[in-house]
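Close look at the chain arrangement
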Amino acid sequence: MNTIATVALSALRKPVVEPDARWRVEDVDALFALPMMDLLHRAQQAHRENFDSNEIQLSTLLSIKTGGCAEDCGYCPQSAHFDTGVKAGKLMPVAEVVEAARAAKGEGATRFCMGAAWRSPKERDMVLVTEMVRQVKALGLETCMTLGMLGADQAEALKDAGLDYYNHNLDTAPDFYGSVVSTRTYQDRLDTLAHVRDAGIHVCSGGIVGMGETRLHRAGLIAQLANLDPQPESVPINNLVQVDGTPMAGTAPLDPFEFVRTIAVARITMPRAMVRLSAGREQMDDALQALCFLAGANSIFYGDKLLTTANPQAARDRALLQRLDLRVRGERAA
Ligand code: SAM
Ligand code: DTB
Ligand code: SF4
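Residues numbered from 1 in each chain as written. Chains lettered and ligands numbered in written order. Predicted model: local features only at pLDDT ≥ 70, side-chain atom pairs only at ≥ 80, totals over all residues. Heavy atoms only, no water.

1. Comments concerning helix α12 (residues 314–323)
All buried positions along α12 are accounted for by Ala314, Asp317, Leu320 and Leu321. Looking straight down α12, one finds its buried side chains confined to an arc of 120 degrees; they lie on one side. Exposed residues lying more than 90 degrees from the buried face of α12 are Ala315, Gln322 and Arg323. Directly after α12, the chain includes aspartate 325, whose backbone phi takes a positive value near 55 degrees. (Buried < 20%, exposed > 50% of the residue type's maximum accessible area, 1.4 Å probe, protein only. Helix = DSSP H or I, 4+ residues; strand = E, 2+ residues; numbered from the N terminus. Arc of directions from axis to C-beta.)

2. Describing the site of ligand 2
Taken together, the residues surrounding ligand 2 are Leu61, Pro77, Thr146, Asn167, Asn169, Pro236, Asn238, Phe301, Leu306, Leu307, Thr308 and Thr309. With respect to ligand 2, the backbone of leucine 307 contributes an N or O atom lying 3.0 Å from an oxygen atom. A distance of 2.7 Å is found between an oxygen atom of ligand 2 and a side-chain nitrogen or oxygen belonging to threonine 308. Here ligand 2 loses 88% of its free accessible area of 410 Å² to cover by the protein chains. When the residues that make up the shell around ligand 2 are grouped by side-chain class, the tally is 6 nonpolar, 6 polar and no charged. (Near = heavy atom within 4 Å. Polar contact = N/O pair within 3.5 Å; in protein donor to acceptor, adjacent residues only side chain to side chain. Areas by Shrake-Rupley, 256 points an atom, 1.4 Å probe, with all protein chains shown as cover. Nonpolar A, V, L, I, M, F, W, Y, C, P; charged D, E, K, R; others polar.)

3. Things to note about the pairing of strand β7 (residues 234–239)
Within β7, 6 of the 6 residues are buried, leaving the element largely enclosed by the surrounding structure. Judged by which residues are buried, β7 turns out to be covered on both faces: Ser234, Pro236 and Asn238 on one side and Val235, Ile237 and Asn239 on the other are all buried. After leaving strand β6 (residues 207–209), the chain enters helix α9 (residues 215–226) and then returns to the sheet as β7, a path that is right-handed. Relative to strand β8 (residues 274–277), β7 runs parallel, the two sharing 4 bridges. Bridge pairing links serine 234 to methionine 274 in β8. Taking the sense of rotation as the criterion, the β-α-β connection linking β7, helix α10 (residues 256–269) and β8 turns out right-handed. (Right-handed = clockwise from strand over helix to strand, strands pointing away. Pairing = 2+ DSSP bridges.)

Pasting the structure below:
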C-alpha cells in the first residue's frame, strides 16, 4: 500500500471525537485525502455525537460601519486600498442598530452579529459599541461582534457589556498569510483571540478558502484552528466572494467538493464547535448547501446581505430548511 493510502487509512481508524487532540498539518491533510464518502461518514458521526443533526443555528449579520478600512486584506471589498465601489460610512447610531436587531429577532434569528470595517476600535468607538451590546442583549438575543484587533482591556469592556461571541478569523494558513494581508501579522490575530478567550468571551474564528491556496494550506488553517486551546466555539468557513477591484477577483474558483471537504474536516477536528457555512452561499445551489449540512455545517448567516455582498433571501433559506426538514435552533416547532 502506498504511503498516502496508509496515512489516510490510519486517519479513518482514529476515534471520531478527539476534541483535545493536537492536530499535525499532515494528519489534517490525510483527512482531506480520504475517499469523499468515508470523509462524509466520519463527519456525520462526529456531528451526531455532539449535535442534533437536524438543527441549524441562524445568525444575522449587520455592517455597523462599512468600508474605508485601513487594512489591505486581498479578498475584502471594504479595504480603502482597493477601488471596489464600496462607499465608506460612519458608525451607525446605537438606536438604528438596536432597531435592526429587533427586526432580525422577529425574522427568527437567535444571534445578532455586528461587524465593523476597522483595523481595531478606537476608544471613542468602544463607548458606542459596548452600548450596542447592552441594548441588543436586552432584546434577548445572543450578541456577536467583529471589530478587528482587540487589546486585553477592550475585550474586558466588551465582556462586561455582555458580549457572547467575538469573531476574528485566522483566514488562512500561516505560510499563505503573506499572500493575503500585509498590514497585520498572523501573531496579531492570535493575540486578539487570546485576549477574547482570556476575557471569557466565546471565540468565533475560521477562515476563507478559494483564495488560490493549496489543499495543504487549507489543512494548515484547520490545524491552527483545531489546535487553539480551548478550540473555538464557532468556526465560520467562508468561500471567497470575488469582488471586482480586489486583488483576488479572477482567482480560479475552488472545486465545490473541495469546499465540502473543508467543512467536513472542520467538523471532524472541531467536533463540538458550531461550523458555519458563511460567505459564498449566494453562489451555491441548494444541493451543494445540503451537502455542506451533511458534512457537518450547522449554522448559517441569515438575511439578504452579508456585510456588503449578497446572501440568499430569507424566504429562499426558509424554503431550503423546510425541504431538508431542518429545524431552527431555539425556535419552537410550529
Ligand atoms: N474588520 C474586521 C476584521 O477583519 O477582523 C471584521 C470584519 S471582516 C469583513 C470579517 C471577515 O469576513 C474576514 O476575516 C473574512 O474572513 C471575511 N470576508 C471578508 N471579505 C470576504 C469575501 N470577499 N469573501 C469571503 N469572506 C470574506
Ligand atoms: C465571517 O467569517 N464571515 C462574515 C462575518 N464573519 C463577519 C463576513 C463575510 C463578508 C463577506 C464579504 C462582504 O459581504 O463584504
Ligand atoms: Fe478591513 Fe476586516 Fe476587510 Fe480586512 S477584512 S480590509 S480588516 S474590513
